Amino acid sequence: MDREYLLSMIKELVAIPSVTESAAESAPGEWLFERLSKLPYFQEHRAHLKLAETPLEGSLYKLKSLVARVDAAKKTARTVLLIGHYDVVDIKCYGDIAEHAFAPDRLAEIFGAGGDILYGRGVMDMKCGVAVETALIEEFAKDRSLFDVNLVMALVGDEENASAGMRGVLPAIAAMQAEGLDFLAALNTEPGEAGQSGVVGPMVFLGTLGKLMPGFYIRGRDAHVGSCYNGFSALLAASRLVAYAEGNPYLADPLHGVCQPSWICLDMKALRDFYSVTVPDKAYAYFNCFTTNNTPALVMEQMRGIAAYALRQSSEQLTASYRALLALGYEGAEFEPAEPAVYTLEELKELARGRHGASFDDELSRYIETLPPGDMRARGIKAVDFIADRSGAEGPYIVCFFLPPWLPVRTDLTDDPRDRAAVAAARAVAEECAAKYGLKMTETELFAGLCDLSYVGAKVSDDDVRALSENMPGWGGIYNIPLAEMQGLGLPVMNLGPSGEAPHKRDERLHLSYSLDVLPELLKRAVREISKRNS
């Protein structure tokens with residue numbers, strides 16, 4: 001691939017301000033579709049180039065995904081899947097130079113860069129990877145003897161949010177599989193530094209980290225603040241819960257001696273629309289939870305324990321406070337400690353069905369349909385609040401549930417023959433990187449930045465699906481995963497991306513010599529090695 005050709009394509013892609021959940025998010029896909037549609041191969045095989053509309057739950061904007069397929073000159077079912085995303089995070093961090101965030105040449109003047117560095121939002125995460133994959137498809141479309149396997153490329157949006165693009169394009173990939181394509185592995189070109197923070201240079205990843213979003217809905221008891229001991233503050237329980245779970249090492253999930261951060265609270269607040277001097281009786285909190293071994297069912301058991309602890313600690317604090325104030329002359333109503341309870345969302349729904357019968361599920365579905373567009377976490381919490389009201393359960397209690405997104409963990413370090421072939425292919429690429437270019441490539445088991453490889457590589461059990469689907473509000477409506485298609489893929493995965501620094505930051509930058517001169521050749525080698533080791 002020609003360096004200047006790639007550099008020009010990257011700059012043109014970066015100039016498209018495809019911020020996640022914006023009107024321009026899918027514009028790079030449309031631009032690339034027009035570009036590829038001019039090639040003779042795609043003019044002869046129009047069905048091999050699609051711009052598919054994929055659902056974007058809760059958004060006013062449409063999301064479009066690009067799917068391009070090039071068949072090898074010699075007919076074969078054997079196929080390698082290339083994936084990537086063209087959405088980028090917002091540009092708030094650019095501050096007073098935000099107007100230049102998508103102009104690499106102007107940023108070079110501002111930052112005083114030159115030579116091997118290219119600045120700009122998305123230069124490394126991940127429009128360089130998108131350009132390299134697209135150029136590879138173009139090259140293969142012009143010379144179909146380049147590989148003895150077919151290539152399918154799926155480029156999507158929404159990766160930086162909830163992966164609606166990749167979830168939405170799964171049916172298109174599964175349809176090709178149903179037609180006879182045999183997918184050998186999936187290759188992604190996310191930047192290495194995004195997957196292992198602080199490491200710069202050539203990297204290859206043999207899997208990707210998993211993620212769950214544990215959520216807690218707290219229902220207390222309301223009371224005027226002057227008679228607060230007649231109530232039970234949902235915020236007190238929420239704060240106890242967050243203080244216990246935040247960064248708790250016992251909740252971490254290490255794999256093979258490597259550990260990611262433990263739980264981190266992403267949001268916590270009272271559920272009320274206006275100022276009130278009433279003890280808050282509704283609150284919620286939800287967390288980021290990285291997973292490697294821990295299943296949804298195991299995490300749910302952890303959540304139940306955390307919820308019970310938070311309620312117990314809150315009750316003990318109120319009891320001690322009440323007794324201490326009596327000694328100081330408090331003359332309020334007699335305090336009776338509450339008997340708190342913990343429910344899963346599945347259990348709470350059963351209580352609601354017990355009160356309202358089978359019609360409850362239809363009622364819940366209709367309610368979810370009335371929710372206005374917006375953040376799927378907020379919509380999910382509203383659904384839990386609705387279920388709680390219909391359940392008739394008396395507070396104080398905590399409901400444990402999951403919020404989207406869910407990213408399943410994937411590792412190639414298994415005994416599966418195709419996984420072993422992917423690992424061997426990755427190591428052959430690393431050997432070429434050292435022998436031909438004099439560069440040491442870092443091998444890492446899990447891409448820790450989270451990525452769309454989760455959905456094409458996941459090996460998910462029915463038990464995992466049940467634990468999630470029964471305990472995620474709006475499953476199939478607020479949030480949807482084509483489970484049959486995902487479970488039918490389960491591909492070995494590899495991430496082989498560009499080198500750079502500071503993803504999502506003001507000084508995001510791409511290292512050009514490796515990313516433009518070396519990576520394209522290594523990506524070709526990866527395809528050939530996957531083919532050779534699966535022949």
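Worth saying up front: this structure is predicted, and the values here are computed from it rather than measured.

### Quick notes on the overall build of the protein chain
Reasoning step 1: Looking only at helices and strands, the protein chain has 17 helices and 19 strands in total.
Reasoning step 2: Taken over the C-alpha atoms alone, the protein chain extends approximately 85 × 55 × 45 Å along its principal axes.
Reasoning step 3: The buried share of the protein chain, taken over its 535 residues, is 57%.
Reasoning step 4: Contacts in the protein chain between residues far apart in sequence, at least 24 positions, make up 79% of those at least 6 positions apart.
Reasoning step 5: Total accessible area computed for the protein chain in this model is approximately 21400 Å², and 50% of it derives from carbon and sulfur atoms.
Reasoning step 6: When the 53 basic and 74 acidic side-chain charges of the protein chain are each reduced to a single mean position, those positions are 3 Å apart.

### A word on empty space enclosed by the protein
Reasoning step 1: Counted according to the given criterion, the structure contains one cavity of 30 Å³ or more.
Reasoning step 2: Lining the largest cavity we find Glu21, Leu56, Glu57, Asn161, Gly374, Asp375, Met376 and Arg377.
Reasoning step 3: Partitioned by chemical class, the residues of the lining of the largest cavity number two nonpolar, two polar and four charged.

### Examining the nonpolar core
Reasoning step 1: Ranked by size, the top nonpolar core spans 100 residues in total, and within it Phe216, Trp263 and Val456 carry the most contacts.
Reasoning step 2: At nine residues, helix H9 (residues 296-327) tops the list of elements feeding residues into this core.
Reasoning step 3: Apart from residues lying up to four places away in sequence, Val456 is in contact with Leu81, Ile83, Met166, Leu170, Ile173, Ala186, Leu489, Gly490 and Leu491.
Reasoning step 4: Counting residues in each nonpolar core, the second largest holds 62 residues, with Leu7, Ile10, Val14 and Phe42 among its members.

### Quick word on unusual backbone geometry
Reasoning step 1: Cis geometry marks the peptide bond from Asp125 to Met126, where omega comes out at -10°.
Reasoning step 2: Following the sequence through the fold, Met126 ends up in helix H5 (residues 123-142).
Reasoning step 3: Positive phi values are uncommon outside glycine, yet Glu21 reaches one of about 60°.
Reasoning step 4: Relative to the helices and strands, Glu21 resides in the loop between helix H1 (3-14) and helix H2 (27-36).
Reasoning step 5: At Ser163, a position not held by glycine, the phi torsion is positive, near 60°.
Reasoning step 6: In this structure, Ser163 sits in the loop between strand S5 (150-156) and helix H6 (164-178).
Reasoning step 7: Residue class for Ser163 comes out buried when judged on its relative accessible area of 3%.

### Overview of the sheet that holds strand S19 (residues 509-511)
Reasoning step 1: The strand order across the open sheet built from three strands is S4-S19-S18, with neighbouring strands paired in antiparallel fashion. For this open sheet the edge positions go to strand S4 (117-119) and strand S18 (500-501), each flanked by a neighbour on one side alone.
Reasoning step 2: Alignment of S4 against S19, held across three bridges, turns out to be antiparallel. Counterpart to Tyr119 in the pairing with S19 is Arg509.
Reasoning step 3: Of the strands in this sheet, S4 and S19 are in contact with helix H17 (residues 512-532), which crosses S19 at around 50°.

How each quantity is defined
- Residues numbered from 1 in each chain as written.
- Predicted model: local features only at pLDDT ≥ 70, side-chain atom pairs only at ≥ 80, totals over all residues.
- Heavy atoms only, no water.
- Helix = DSSP H or I, 4+ residues; strand = E, 2+ residues; numbered from the N terminus.
- Buried < 20%, exposed > 50% of the residue type's maximum accessible area, 1.4 Å probe, protein only.
- Contact = heavy atoms within 4.5 Å.
- Areas by Shrake-Rupley, 256 points an atom, 1.4 Å probe, with all protein chains shown as cover.
- Lys, Arg positive; Asp, Glu negative; His and termini not counted.
- Charge placed at Lys NZ, Arg CZ, Asp CG, Glu CD.
- 1 Å grid on protein atoms, 1.4 Å probe; cavity = no way out; pocket = protein on both sides within 12 Å on 5 of 7 lines; lining within 4 Å.
- Points joined across faces, edges and corners; volume = space filled by probe spheres on them.
- Nonpolar A, V, L, I, M, F, W, Y, C, P; charged D, E, K, R; others polar.
- Core = buried A, V, L, I, M, F, W, Y, C linked by side-chain atoms within 4.5 Å.
- Pairing = 2+ DSSP bridges.
- Axes fitted to C-alpha atoms, helices over the stretch in contact; angles between N-to-C directions.

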